[in-house]
Each structure stands twice: as structure tokens, then as C-alpha cells.
Amino acid sequence: MAGSASILTFCVGFNKHSLTSAISFEAEGGYMNASMKNMRFCSFLHSNLQKLCYRSTHKSAKKLLDEVISYGIASKSDRSDMLNKVSVLMGYSSLEDLIEQERIHRDSSPDLKEMFDEFDISLACGRFPSIILGNSSIIELYNEQSEQVDLLLGNSCKGYLPGAVGNIWTEPNKVSETWSFLDLASSNVNASLTKEENTSVFPIDSLPRASKSGGNSDATPGSKESDVRTATEPPQVTESDEFNFDLSINSVPGISSRHRQQLDKSGFHTLRKLLHHFPRTYADLRNAKGPIEDGHYLIFMGTVLSSRGIKASSSFSFLEVVVECEVASEAYPDVKKTIYVHLKKYFRGTRFTCLPFLRSLESKHKEGDLVHVSGKVKAMRMEDHYEMNEYTIDMLNKEAESNLQGEARPYPVYPYKGSLSPNFFKDILLRALKVLPANVDPIPNDILAEFSLPSLHDAYWGIHKPCTLNEADLARKRFIFDEFFYLQLGRLFQMLDACGTRIEKDALLERYQKHELNSIAVDEWSSLTKKLLNSLPYALTPSQLNATSEIIWDLRRPIPMNRLLQGDVGCGKTVVAFLACMEVIDAGFQAAFMVPTELLAIQHYELILSLLENFGEDHLKPSIALLTGSTSSKQSRLIREGLLSGDIAMVIGTQSLIADRVEFAALRMAVVDEQHRFGVIQRGRFNNKLYSTSSSLRTSDSSLDHSPDEKTSMAPHFLAMSATPIPRTLALALYGDMSLTQITDLPPGRESVETFTLEGNEIGLEKVYEMMHNELQAGGKVFLVYPIIEESEQLPQLHAATTDFSSISAKFEGYQCGLLHGRMKSDEKDEALRKFRCGDTNILLSTQVIEIGVDVPDASMMVVMNAERMGIAQLHQLRGRVGRGTRKSMCIFVAATAGALNRLKVLENSSDGFFLANFDLLHRGPGNLLGKKQSGHLPEFPIARLEIDGNILQEAHLAALKVLSTSSDLDKFPKLKAELSMRQPLCLLGD
Ligand SMILES: Nc1ncnc2c1ncn2[C@@H]1O[C@H](COP(=O)(O)OP(=O)(O)OP(=O)(O)O)[C@@H](O)[C@H]1O
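What you see is a predicted model, and the numbers here were worked out from it, not measured in a lab.

**Structural notes on the sheet that holds strand S17 (residues 754-759)**
Then comes step 1: The strand order across the open sheet formed by 6 strands is S17-S22-S21-S18-S20-S19, and the pairing between neighbours is parallel. Strands with a single pairing partner mark the edges of an open sheet, and in this sheet they are S17 and strand S19 (817-820). Averaged over all neighbouring strand pairs, the angle between strand axes comes to 15 degrees, with direction disregarded.
Then comes step 2: Relative to strand S20 (residues 843-846), S19 runs parallel, the two being bridged by 4 bridges. Note on S20: the bridge partner recorded for Leu 820 is Ser 846.
Then comes step 3: Sheet strands touched by helix H27 (residues 801-811): strand S18 (782-785), S19 and S20. Its angle to S19, the strand with the most contacts, is close to 175 degrees.

Next comes the structure, spelled out in C-alpha cells:
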């Protein structure tokens, strides 16, 4: 969409979609370039909300109506809050959900898509592979809030915003009292740095560009620089020794004190911060070649013919700027013809009809000024005259002029930052570039050459002053590479730092570099491990065997394992982890197994006990304990004593395992199930539980590399498990130091779960109940999953487990219903699950507590209410609770609105957890895939996007390994070490 003007125009008649579009647009920054838009949106929202409230008799709806009156003057967070509530009132689970649905709706409706595409200036950059319009956010080194922060954080709202160029609506009522403010904020008409302003700084051309870098310079076609880059005066800083990216902005010559203050106010304190203010996109300054058709978004360059502020009536005025442009004639492409573009901007209100205001407006553009205009064209009556009511206009300087004559080069378009205009950035950045010494790159040349990267010097030039789009693209790749590279380098550096000896360091590096699998064959597994293997009622799948062998190989190494075991739901990870635990227990050590819920802890505990039953002789059985929040204090004291003395070999439990009071005699392995439900910090806490010697634990000759007596402190091996398959790139970003083991096959005999999506209206629910009846009659068991426990006033559209309990019981007479939710006591939950498992209950109404790990192999049907509230990966996890046995199973996702079904459809067609996790990553971003807890530990990548730049992350990982194999303490690369500590103070790295 181009602007709220157009959105509101087509929203005149109320329908749900128009309100959705407007809210979605507003939330995504509709207000962001001109705060006065809120007034307009506010009235629109209010009037439509009134209509909604007639339909809803709910008290909260009325209250919301009162609140929305103040939308226009509310703070950003309050506005966000209001939009959220309106979204919920409309039947969406949240504002984010509304945007998601809106996007899907738009994508699936050709008409709407066309309408949106029409405004999409990404068309102008379609040929530009990696710079994505509106997505290259401003680098925030200091994290201060930019004026242009979207209402919604999160990725869901990015990706189809047209950005400043497309946003046009101007509501003059809020134009600042001082008209001088107008050029900066009153519209999207980009405030140009006027010639007068330019006089306060030295002429750019007097500043030299440092000579071309000595790095991998031939990777960048940067040699075709125009004369503006030539040197005539000595630079302020050219010696790379003296140079530092974190120098104050004062090192850039020729900045007036006013501009310095403005820069400072906008957070540009250092050269690095300034240089990382990247262009939002690049425009092609050559005038349109193809036919000029109504409604097309086009870019022209030309000279201003006239600029007039016209009073049309006592309360109505407009500005008309006419730009003369030369374009290729349609009939004869080689022949030029002249066209006239009329840029029009309207003002309503008596204040805007007075002469000084109009004069001030027209003086912004002078006759003969070279300008670059872009916007939606509409033919006027006169031939070769076109109108643009939604436009941006940029003043061009000499450089652009010379470009026009010579070879066209991409024209960088910068985002506004505070009161600083795009043109100001063009100017100041050119000055900053000129003080860059050629040899500033901390990354060694051979690494640059190996990964075909331009030097840093060339990359800065390439991104700010590219000669070609490829050059800009390559430069952008370099900056993404840097973001990933320093992250990986920091993590690996810290890991190596923790290794005591050279041998350990080499072993660690070798492990990362070797791609072939290292594994220990079953014959060589310890006797206890083999005993457990033989006690299993089934044979391991090839994948399970491989995974166990790989883990055991790691366990026999002198350095702590750090491995992520992942596989689809129900693939049998638990038993692999148990086998690994047996391996360390056999060697005389202890193992801890941490799971996110008590229910799961009990389930695992019961499973291992039942497997140990088959062991026969008692004295060979390791002693195993269960420790959760519900364990009585007496019992938990006994367990803690047992762990400290070494009498207990393995403990299964919840987060209580990492409580300070729990100490181990010889903890050698920590397993964390559903790793991403815990923060990375909790994982790190196991490392504090270093073992000390405990000969009492020794039950056989150790096959591990050394016994506890030989070494007194080593962090335990760490095995994380995840059934939300984390795409490899994400895993690398989250845990740069982790090895990955994947279980790729499912136990034999599993049939895929037949999946349906249905709208939760009366007809839909009747259908669901009918299917449930059929399943129960056929002897099946049904999970009925709810988003909340009790009905809530705030969330009237959500089904609730306890509320539905009696109606479901009545509906399914003759069948027993059970209830399971997080507010029940531990033994009540356990009992509810037990009854369901043994068949005493046939329907289990539950909340998402069952999402993780609950294993009832003969449960054959699942119905998920308000499925629209959950992510795809999460729904897949839930679905994994059925189809775990050999019985044919089915899953129904019920969504509150028809619109929400589209997103869920992917689950009907795929049961591949890796595919679905990738889908979630692409559509909702890493934050949503991982959930709040874990995504909080995701590093910030200002320009890289994990979901599409994954290959660069892999390269960065390899490059970091390469550097550290040459010099594990980075002493051979002092510049790199300095840069690393600048970017990521080493004490803050890792966990
Ligand atoms: N090789 C196998 N052959 C047959 N059944 C198996 C095999 N491995 C595991 N199972 C069974 O498959 C079911 C799922 O196993 P498990 O609970 O270990 O899976 P999981 O990967 O941890 O799943 P989730 O992530 O959903 O918790 C269990 O009932 C288990 O007994």
C-alpha cells in the first residue's frame, strides 16, 4: 500500500476487511512518517468500531470505544495496546495475528494483491536480489529508539511495507506552527538539504577518498568511481593505525555545529554508527523507458519548471511543482521526448491558505533545480502531462547530474532519522567515506579472498556509493557476513578459551571442522548401555542407532560435549538420551535429565523404571530419582543427599534440578529436553555443577577417557533435545558452538496423522463433534485441546477447557471425560493422564500442557480449539501427541475465523517437522518459531535476516573456525581481536 490516504479511500464503506487493512497498515507504521496521519486514522477507527460495538454487547467493547477516541494523542505503546484490543474484538487472537491474516488474505486474492503490488516500490528494485525494500532497518548501535519504530516489533509486520517513498497522506491539521518544520515532517516530500544549508559545510569535492584498499579489492568493481571520489586535500584520518570506527563523529571534517548536534541527538555519536546508516533502497535515476501508464509507480529525473503555492478557496490550498523530464518515446525508443510531471499536494484549513505559508511552500523548489521524483502517475488531459498526487521528491546534486550524463549508477535512498533528511545523509556519508583509510579491515585478506568478500573499505563505499547494483549487493553481503562472523568468532573464542590445554583446543577445533560422523559401534558401548538396549521392547531405528553412537563418541572425548539432538515429534529421542545416560553411569558418573514440565518428568521417570525392570539382578540397576517442584521437602532433601554422596546415579526432574541447593558428586552429563523452552542461561547453569571425585559411584571399569579420580573438574557433557526442529542456520546463530545430531526416521509402523482445518462456527463445530463420535465409537481416545483454562472477559472469542467440560460431557453421553490443565495439582494431573492412558476416560479436555512430550500411544484423535492462536511449529508439536502408536489417527485444527484457516492449511499437507519449522521461520521469523523465552537469546542482526541469509551464516562459521585454527587466542590477528572485543565485549559473550 502506498499510504493511508489510499487505504482510507477504499475503506469508505465499512466492511471487516477494510478495517483489517487499515489497522494492519497503521500498525505497520502507517503513522510513522507523518504523525498527523493518526488523526485521520483515529476517526476512521472510531467510527468503524462503533459499528462493531453494536454487534458486540460486551462491556469491554464499549470501554474500548471510549479509549479509541484518544488514539490520535495516545503514546505509541497505548496505540499498540488499543489496536491489539480492537483486533481481539474482531475475532483475531492479537494484532500480530490480524496482520498475518491480512497478509495471507492479500496474497491469496489476486485483485487485492494487484492493488497492493501497484504501490510496491520493490517492483522498482525487482532486479536487486538482496536489498529488500523497507527491511534494511537502521543500525542501532546504542539501542536508542528511533522515531520510526513500528508499532509492532517482530518480523511479522515487515516485508511488505512500501517505506517512506510510498507514504503520502498528509493531514495538514497537525502541521507544525512553524512552517520551516514543514520540509522535514509535514509530508513524505523528502526534505531536501537546501543549498543554503550546504553552505555551512565544506564542499564535499574538496575532501579526498583514501586510496583503494589493499584487501580483496578485485572482488568489488569499485574502480569506476566518478570524480567526486578523487582526492585533492589531505584527509583528516588516513593512517589505519590511528583509525578507529568508534572515533567520534567529529573526525568527519566539515560538519557544522548545528548538524553535529542533530547527529548527536539522533544517536550518531561515532563514525561506525554513521557509516552503518545504510540506504533503504537504491533508485535508478534513468527515466522510465517503458510506456507510462496510469497507476504505475515510476521514477523520473528532471528539472523543476515551476513551483506554485495556490489558494483555491478560503480553506483549501495546494502546492503544484511541475517537473520537466526527458523520456524515451514509446514509438521510437531512441528518440527522446519531453514530458511534464505535475506534483500536487493539498492542504485543508484556513491556516494553510495564507500567503507566507504558500510562499514558504513554493520556495522549497526553485526553477531549474535538478530533482528526482517518484510516485504513482496518472495521465492528465493534456498530452505528455502527468499528475502525481502521491510522490516523493529529492533534490539532486552535481554528482547525480554527472551520473545522468554518464553511466547511470544506483542512487541511494536513505531513511529519515529524527529530523535528519535522506539528502543530508548522502552528503555527510560521503564525507565520512573519505576519511576511511584503505587498510581498515580487521578480517585477514585470505579469508576475504576465500569467501569472495570485498574489503571493508570497499564495502562501505559499495553500500553508500555503489557504481552498480551488484557492487551494493556484494557490500551488503559483507556486512551481513560481519554480523554473523563476529558472533561465531566470539562464541568459539570463548569455548577455546575455556579449554585448558593445546590438545583440548585442537580436539575442539578438529571436531568442528570434521564433517564426517564420529561414532562408536554398538559392540563397544558400555555393558550398562547394552543392557538398556536389550531391555527395550523394540529395536532402535537406524537413525536412533546412529545418534546414540555419535553421542557416545562424544562422551569419550576429554572435552565437554555440547550437542543438540533433534528429530520430529515421536521419533524416539528419549530412549537415545537414556542410553547416553547409561554410558556415563557405567563409567561411575552421574546424569541429570531436565524436562520442562512435571508431567513429562513423571512420564520419563516411569518409563526408565519400567525398562530397568527388565534388568533382572537388582545390584546392577542404577538408582534413579525424580525431583520436581512437587516433591515433598523431606523426599527432596533425601534426593539431594543422595546426589551429593553419589548414591543416586541419575535424576530426572524439572527446573528444580538447577537450583543452587542441588549438588552432585560426579555429574558428567546433563540432558535438557525441549531445550528451547529453557533459556540458554539455564543450560549454562549446569556448567556450574562441576563434578568432584566419587569412587562410590564406580560400578565397572571406565571406558571413558578418564575416571573421576584423574581429573577433578570438567563441565558436564551437555545434550539438548528439541522436537521443534530448529533449522540449522538458527541453531548456529543460537548456539554457534553446538554439534547437531538429527533423527530423521520415525519408528516403523507409524502412519501420518490425517489432518483437517475447520472454521469454528456452528456448522464447523457440529462436524467436529460428529467426527469425535465416530472415533469414540470405533474405540479411539480423543484429546480436546483448549487455549485457556477458564472463559475470560478479555478474550470472549476463546473456548475454555473448564467451561466446556460440562457441555462436552453432556454431548458425549456414555463416554467419560477428563480434565487436565496447568492449575491442577501435580498428583491430579498425573491421575488425569493415568486415567486417560488406561482407558478410564475417553476424552481428555486439556490445555497446551500436553504439548510437550506427553506419550499416550493409543490416543487416536486430537481437536485443537482456537488453533489460530498458535504457531505452525507449535501445532505440529501438539499434533505429535497422536499417531504415536500403530492406530490410524486424526487431528482437527479449529480456527475462530475463516481467514485464519489459510495459514493452518500447510499442516494438512505436511507432517514434516523440519519443513514446518522452516515455514514458520520464513513466515513469522525466528522470534515466533522459538518462542519468547529463547528468542530473547537470539543475537540481534540489524541487516541480516536469518531466514534468508542462512548460507552467509554458514560461511561465517567456517571463516571463524579457520581464523581460530590459525591462532586460537587471536594473538596473530590483533586488529580482529580488538574489533571483536569492541563488538562483543568478551565478558558478555555466550551464556
Ligand atoms: N525404535 C522404536 N520403535 C518403536 N517404537 C519406538 C521406537 N523408539 C521410540 N518408540 C516409541 O515411540 C514413542 C515416542 O518416543 P519418544 O517419546 O521418545 O519420542 P520423542 O522423540 O521424545 O517425542 P516427543 O518429542 O514428541 O516427545 C514412545 O511410545 C516410544 O516408546
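**Section: the pairing of strand S8 (residues 391-395)**
Then comes step 1: In terms of residue burial, S8 counts as a mostly covered element, since 5 of its 5 residues are buried.
Then comes step 2: Alternating positions in S8 separate into two faces, Tyr 391, Ile 393 and Met 395 on one and Thr 392 and Asp 394 on the other, with burial throughout.
Then comes step 3: Inspection of the sheet shows strand S5 (residues 370-376) paired to S8 by 5 bridges, in the antiparallel sense. Considered in S8, the bridge of His 372 is made with Asp 394.

**What about the sheet that holds strand S15 (residues 717-722)?**
Then comes step 1: The sheet built from 7 strands is open, its strands ordered S12-S13-S11-S14-S15-S10-S16 with parallel pairing. Looking at which strands have only one partner, the edges of the open sheet turn out to be strand S12 (624-627) and strand S16 (739-743). Sheet twist, expressed as the average angle between the axes of neighbouring strands with direction ignored, equals 20 degrees.
Then comes step 2: Across the sheet, helix H20 (residues 542-555) lies against strand S10 (562-567), strand S14 (667-672), S15 and S16, angled at about 155 degrees from S16, the strand it touches most.
Then comes step 3: Contacts from helix H21 (residues 573-586) reach S10, strand S11 (590-594), S12, strand S13 (650-653), S14, S15 and S16 within the one sheet, and its direction differs from that of S11 by about 155 degrees.

**Concerning the environment of Val 753**
Then comes step 1: In this structure, Val 753 sits in the loop between S16 and S17.
Then comes step 2: As a C-alpha pair, Val 753 and Met 862 span 109 residues in sequence and 9.7 Å in three-dimensional space.
Then comes step 3: For Val 753, the residues in contact, after removing those within four places along its chain, are Arg 879, Val 882, Gly 883, Ser 889, Met 890 and Cys 891.

**So, the nonpolar core**
Then comes step 1: One finds Phe 593, Met 650 and Met 669 to be the most contacted residues of the largest nonpolar core, which totals 47 residues.
Then comes step 2: Only helix H19 (527-535), H20, H21, S11, helix H22 (598-613), S13, S14 and S15 provide two or more residues apiece to this core.
Then comes step 3: Per-element accounting of this core gives the leading share, 10 residues, to H21.
Then comes step 4: Dropping the residues within four chain positions of it, Met 650 is found in contact with Phe 578, Cys 581, Met 582, Ile 585, Ala 591, Phe 593, Ser 623, Ile 624 and Ala 625.
Then comes step 5: Core analysis: the next-biggest nonpolar cluster, separate from the first, contains 33 residues, Leu 599, Phe 783, Met 862 and Phe 919 among them.

**Looking at helix H5 (residues 76-89)**
Then comes step 1: Spanning 14 residues, H5 covers 20 Å between terminal C-alpha atoms, matching the ideal 20 Å at 1.5 Å per step.
Then comes step 2: Among the residues making up H5, those that are buried are Arg 79, Ser 80, Met 82, Leu 83, Val 86, Ser 87 and Val 88.
Then comes step 3: Immediately beyond the C-terminal end of H5, within one or two residues, lies Gly 91, with a positive phi of roughly 105 degrees.

Parameters and conventions
- Residues numbered from 1 in each chain as written.
- Predicted model: local features only at pLDDT ≥ 70, side-chain atom pairs only at ≥ 80, totals over all residues.
- Heavy atoms only, no water.
- Pairing = 2+ DSSP bridges.
- Helix = DSSP H or I, 4+ residues; strand = E, 2+ residues; numbered from the N terminus.
- Axes fitted to C-alpha atoms, helices over the stretch in contact; angles between N-to-C directions.
- Contact = heavy atoms within 4.5 Å.
- Buried < 20%, exposed > 50% of the residue type's maximum accessible area, 1.4 Å probe, protein only.
- Core = buried A, V, L, I, M, F, W, Y, C linked by side-chain atoms within 4.5 Å.
- Expected span 1.5 Å × (residues − 1).

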